[in-house]
Amino acid sequence: MDQFGSSMLWFWICYIIVTLIGVLHTVFNIYILHMKPMDENGMGEGYEKTKPWHPLYNIICFSIFGFIYLNGLEYITLQNVLLTGLIWAGICIVFDVFGWVIIKHPWSLSFKEFYIDYQPWISLIYIAIFLGPIIGYGITLL
């Protein structure tokens, strides 16, 4: 993979941005749209209503940041594009286990909540992250 450090920089910036968008969407739903917040029974309506939007945040953001990363390379190969998508999706899959399941915080979930109850959204998110650099590559061809 060419310029791995650059790839990781753009990946982590994008990951943080996507996470912030999701949090801000939830806060908007709770405070502006007056949806129910999380309680002892679950994450709450404010969060639940954001779930269908999560793949959209990811496909847009990871495509933009895939484009930015690829645009900084001297030569772009299809192998590098696919490898970038695999690495980005793989890092998310592993990091999410720790960040959203194993490490306990107010928004952490159980394995079942994250990998079963969050379907089909979590699978679509990981597919979107994999496709981000591929779409970014398509944009570089325009």
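For clarity, every value in this text was computed on a predicted model and none was experimentally measured.

Asks: Go over the overall build of the protein with me, naming the residues and quoting the values.
Replies: Check the secondary structure of the protein and you find 6 helices and 0 strands. Order of helices (α) and strands (β) in the protein, N terminus to C terminus: α-α-α-α-α-α. Projecting the C-alpha coordinates of the protein onto the three principal axes gives extents of approximately 50 × 30 × 25 Å. By residue count, 37% of the 142 residues in the protein fall in the buried class. By sequence separation, contacts in the protein at least 24 residues apart represent 70% of the contacts at least 6 residues apart. Carbon and sulfur atoms make up 73% of the accessible area of the protein, which totals about 8,000 Å². Taking the average place of the 5 positive charges on the side chains of the protein and the average place of its 9 negative ones, the gap between the two points comes to 11 Å.

Asks: Summarise the packing of aromatic side chains; cite the residues concerned and give the values.
Replies: Geometry of an aromatic ring pair is reported as the spacing of the ring centres plus the angle between the planes. Under the defined criterion, the tally for this structure stands at 13 aromatic pairs. Between Trp10 and Phe65, the ring centres sit 6.0 Å apart and the planes meet at 40°, which makes this aromatic pair tilted. Remark: Phe65 occurs in helix α3 (residues 54-71) and Trp10 occurs in helix α1 (residues 4-31); sequence separation between them is 55 residues. Since its relative accessible area comes to 25%, Trp10 is described here as partly exposed. One aromatic cluster is present, formed by Phe11, Trp12, Tyr15, Phe62, Tyr69, Trp88 and Phe95 through successive ring pairs.

Asks: How would you sum up the layout of surface pockets? Please name residues and give values.
Replies: Put simply, the largest pocket is a space of about 190 Å³. What lines the largest pocket is a set of 14 residues, among which Gly42, Met43, Glu48, Leu109 and Glu113 lie closest to the centre. At the level of elements, α2 (45-48) and α5 (111-117) are the ones that each hand at least two residues to the lining of the largest pocket. Grouping the amino acids of the lining of the largest pocket by side-chain chemistry returns 6 nonpolar, 3 polar and 5 charged.

Asks: Tell me about the side chain of Asn29, residues and numbers included.
Replies: For Asn29, the position within the fold is in helix α1. Here Asn29 falls in the buried class, since its relative accessible area comes to 3%.

Asks: Help me get a handle on α1, residues and values and all.
Replies: The terminal C-alpha atoms of α1 lie 40 Å apart, and with 28 residues this matches the ideal 40 Å at 1.5 Å per residue to within 8%. Those residues of α1 not exposed but buried are Ser7, Met8, Phe11, Cys14, Tyr15, Val18, Gly22, His25, Thr26, Asn29 and Ile30. As for α1, its buried residues are in contact with α2, α3 and α4 (78-102).

Asks: So, helix α6 (residues 121-141): which residues are in play, and what are the values?
Replies: Relative to the 30 Å expected for 21 residues at 1.5 Å per residue, α6 spans 29 Å between its end C-alpha atoms, a close match to the ideal helical length. What α6 keeps buried is the set Ile122, Ile125, Tyr126, Ala128, Ile129, Gly132, Pro133 and Gly136. On its buried side, α6 packs onto α3, α4 and α5.

The rules behind these values
- Residues numbered from 1 in each chain as written.
- Predicted model: local features only at pLDDT ≥ 70, side-chain atom pairs only at ≥ 80, totals over all residues.
- Heavy atoms only, no water.
- Helix = DSSP H or I, 4+ residues; strand = E, 2+ residues; numbered from the N terminus.
- Buried < 20%, exposed > 50% of the residue type's maximum accessible area, 1.4 Å probe, protein only.
- Contact = heavy atoms within 4.5 Å.
- Areas by Shrake-Rupley, 256 points an atom, 1.4 Å probe, with all protein chains shown as cover.
- Lys, Arg positive; Asp, Glu negative; His and termini not counted.
- Charge placed at Lys NZ, Arg CZ, Asp CG, Glu CD.
- Phe/Tyr/Trp six-rings, centres within 6.5 Å; stacked < 30°, edge-to-face > 60°.
- 1 Å grid on protein atoms, 1.4 Å probe; cavity = no way out; pocket = protein on both sides within 12 Å on 5 of 7 lines; lining within 4 Å.
- Points joined across faces, edges and corners; volume = space filled by probe spheres on them.
- Nonpolar A, V, L, I, M, F, W, Y, C, P; charged D, E, K, R; others polar.
- Expected span 1.5 Å × (residues − 1).

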